[in-house]
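Topology and contacts: notes
One letter stands for each residue in the lines below.
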Amino acid sequence: MPIRSSIRIARKFAISGKTEIYVAGFCAVKDATDPDALYPCTLYKPPPTNEFAVSYALEINSLKKTYDNGFEALKGIDLTVEKGDFFALLGPNGAGKSTTIGILCSLVNKSSGSVKVMGYDIDHDFGMAKRHLGVVPQEFNFNQFEKTQNILINTAGYHGIPRAEATPRIEHYLKRLGLWDKRDNPSRALSGGMKRRLLIARALVHQPDLLILDEPTAGVDIELRRGMWDFLTEINNQGTTIILTTHYLEEAEALCRNVSIINHGEIIANSSTRDLLASLHTVTFVCDLAAPIDSIPVIDGYECALPDAMTLEVEVDKGQSLNEVFAALSAHQVSVISMRTKTNRLEELFVSMTSGDSK
Amino acid sequence: MSLANYEEKATDFGNPNWVAYQTIVRTEVRRFTRIWVQTMIPPAITMTLYFIIFGSLIGRRIGDMGGFDYMAYIVPGLIMMSVITNSYANVSSSFFGAKFGKFIEEMLVSPISNQTILLGYVTGGVARAVFVGIIVTILSLFFTHLAIHNILAVISITLLTAVLFSLLGFINGVYAKRFDDVSIVPTFVLTPLTYLGGVFFSIDLLPDFWAGVAQLNPILYVVNAFRFGILGVSDISLGWAYGILVSMTVVAYVIAVRLLANGAGVRS
């Protein structure tokens, strides 16, 4: 970012005809209709977003990142996320997910390409892009010695929200996320699940339109995870665009409408969750048997496995019928008392795509 | 009120950098006052020992220096020593701590300008330097009488020095990768330069060659300009002192802003 040591016109608001001017890091507003007037920013509210012209919450074009050691983490990815979407960005470790998120939130310098958040370019409209972006990182990157409530007050302050305005909002989020009783405790005294929720509260305190969550439910117990899912679904229903990276693929399948899979720095799949799952050719069903069997029953056209005497696994290709399987099992006098898919369907697809042997 | 999202969606982002600046300063001041045993007490004890040993015990045998009794002569230098070490240490350790604990990312992901981040940290360093400077000044009154010769010089030199060494501390914090890295410069550079910077003696006592070498030491200008403000005597011209201090401050500021803009030490 260039040094703002002299007057620099930062941006023009097309709707209002007003120009925001930076003087030594502080801003003022000049109104085209009244050229002699220069208002300090406290007297002027910029339009909240250029939302009428923009339909994407996130636009990434030809984004490349090569680290100093020569590692090419991103090889020119293109990605768009529509406003209001609940979007999953999946990929194995080292695929480029965290680099992408790092670039979005200015923790990683990109090598080339462009990124827009709610229509604002992160290079040219740095401030406005940041105002619309909330990030829940993987690591607990808050001051462990600071009180829980102060962490949120500080974050609000960094986003230009005065304490008086931030206080009721912070109370709301702390209560909603079950942290209100811990507001005066130092953050290091919180449990892992509470710290995770504190990260979410911190990311929401400036009311972002785009919320990015990097593995938000890692190390969180099932009950709490379900609670987080409900919470995220709720804020998504209220209009916040959400991008999620996760290793729990059932999470992506349950929550996200659209999915992108990234591998070796390239996007290898990008479509709706439903379409992606439809491309899955084979599903493995695990059948719990009523009585033990000695040998694998032969069912024409289906591959079966017997991990133990009470469990039969059957691979069913797209277009094949489960009725045929049950008919054949009945003929072999094998009784099934329950059945489930071996892995989450998205997980099966993910593994096949990222291991390079997509069927 | 909705369950998940706070219903007052509209946010007055007003003057974001001003609010952010106040937030950083408040956080910084709260940090050094919360750990006052580490930040306020050590300089008070160290300086009291200097007053007792160098001022009272040894100073009585030294006699006058620059036309003043030795205790009165060394007090301005010791106050400046406190200002220098505390402004430097505050910013270098606080910024490195934020990097180490990764909570510097809270600022990097927010819309604050780099200059606001820098000014916030520098103001925190200046605040601690002024706090400690006042404590040391009050302690010195138990040992000597201080008559201020030029209050404007005292205030301006104190603030300029605190700003300069806060900036240098910030640059140190940016480059530091381990906790050791924030103590190397104070131990091996600042302390020797301070001792050789005319805190305890007038450079008139040095042979010509070493008096010339001493003039390369920026702390000499700080100490003498501040001594002029208190006692009205100085080994060097006040104009030179201000010129060098202001120049160094501008250079340090530009370097610090550039380092932040390039993301040195904080972005990959």
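Describing helix H4 (residues 70-100) of chain B
Residues and elements named next belong to chain B. Across its 31 residues, H4 extends 44 Å between first and last C-alpha, which sits within 8% of the 45 Å expected from 1.5 Å per residue. The element H4 is largely enclosed, with a buried count of 26 among its 31 residues. Note on H4: the residue one or two positions beyond its end, Lys102, has a positive phi of about 65°.

Here we look at the pattern of salt bridges
Taken as a whole, this structure holds ten salt bridges over all chains when the rule is applied. Across the salt bridge formed by Asp85(A) and Arg257(A), the nearest N and O atoms sit 3.8 Å from each other. Of this pair, Asp85(A) sits in the loop between strand S6 (72-82) and strand S7 (86-90) while Arg257(A) sits in the loop between helix H7 (249-255) and strand S13 (258-263), placing them 172 residues apart in sequence. Among the residues examined, Asp85(A) registers a relative accessible area of 7% and is labelled buried. Judged by its relative accessible area of 42%, Arg257(A) is partly exposed. Of the charged contacts in the structure, one is a salt bridge between Lys110(A) and Asp123(A), with a shortest N-O distance of 2.7 Å. Residue Lys110(A) is found in the loop between helix H1 (97-104) and strand S8 (112-117), and its partner Asp123(A) is found in the loop between strand S9 (120-121) and helix H2 (126-131); the two are separated by 13 residues along the sequence. A residue is classified by how much of its surface remains accessible, and Lys110(A), at 22% relative accessible area, is partly exposed. Given a relative accessible area of 42%, Asp123(A) falls into the partly exposed group. Each of Glu146(A), Arg30(B) and Arg34(B) takes part in salt bridges that share partners, so that together they form one network.

Considering the sheet that holds strand S17 (residues 311-317) of chain A
Residue and element names in this part refer to chain A. Strands sit in the order S16-S17-S15-S18 across an open sheet of four strands; the sheet is antiparallel. This sheet does not close on itself; its edge strands, each paired only once, are strand S16 (303-308) and strand S18 (336-341). Each neighbouring strand pair of the sheet contributes to a mean axis angle of 25°, computed without reference to strand direction.

Considerations on the nonpolar core
General note: in soluble globular proteins, nonpolar side chains tend to be found buried as a group. One finds Leu58(A), Leu78(B), Tyr121(B), Phe170(B) and Phe200(B) to be the most contacted residues of the largest nonpolar core, which totals 104 residues. The greatest single-element share of this core, amounting to 15 residues, is contributed by H4(B). Setting aside its immediate chain neighbours within four residues, Leu58(A) contacts Leu79(A), Thr80(A), Val81(A), Leu104(A), Val115(A), Lys116(A), Val117(A), Leu210(A) and Ile243(A). In this structure, Ala88(A), Leu211(A), Ile242(A) and Leu255(A) belong to the second largest nonpolar core, which totals 45 residues.

Things to note about the sheet that holds strand S10 (residues 133-136) of chain A
All names here are of chain A. In space, the six strands of this open sheet follow the order S10-S11-S12-S7-S13-S14, with mixed pairing throughout. Pairing within the sheet leaves two strands with one partner each, and these edge strands are S10 and strand S14 (266-272). Between one strand axis and the next, the sheet turns by 15° as a mean value, whatever way the strands run. Relative to strand S11 (residues 210-214), S10 runs parallel, the two being bridged by four bridges. For Val136, the partnering residue across the bridge sits in S11 and is Leu213. The strands that H1 touches are S7, S10, S11, strand S12 (241-245) and S13; relative to S11, the one it contacts most, it runs at about 145°. Where helix H6 (residues 222-237) meets the sheet, it contacts S7, S11 and S12, and its direction lies at approximately 145° from that of S12.

Basis of the calculations
Residues numbered from 1 in each chain as written. Chains lettered and ligands numbered in written order. Predicted model: local features only at pLDDT ≥ 70, side-chain atom pairs only at ≥ 80, totals over all residues. Heavy atoms only, no water. Helix = DSSP H or I, 4+ residues; strand = E, 2+ residues; numbered from the N terminus. Expected span 1.5 Å × (residues − 1). Buried < 20%, exposed > 50% of the residue type's maximum accessible area, 1.4 Å probe, protein only. Salt bridge = Lys/Arg side-chain N within 4 Å of Asp/Glu carboxyl O. Pairing = 2+ DSSP bridges. Axes fitted to C-alpha atoms, helices over the stretch in contact; angles between N-to-C directions. Core = buried A, V, L, I, M, F, W, Y, C linked by side-chain atoms within 4.5 Å. Contact = heavy atoms within 4.5 Å.

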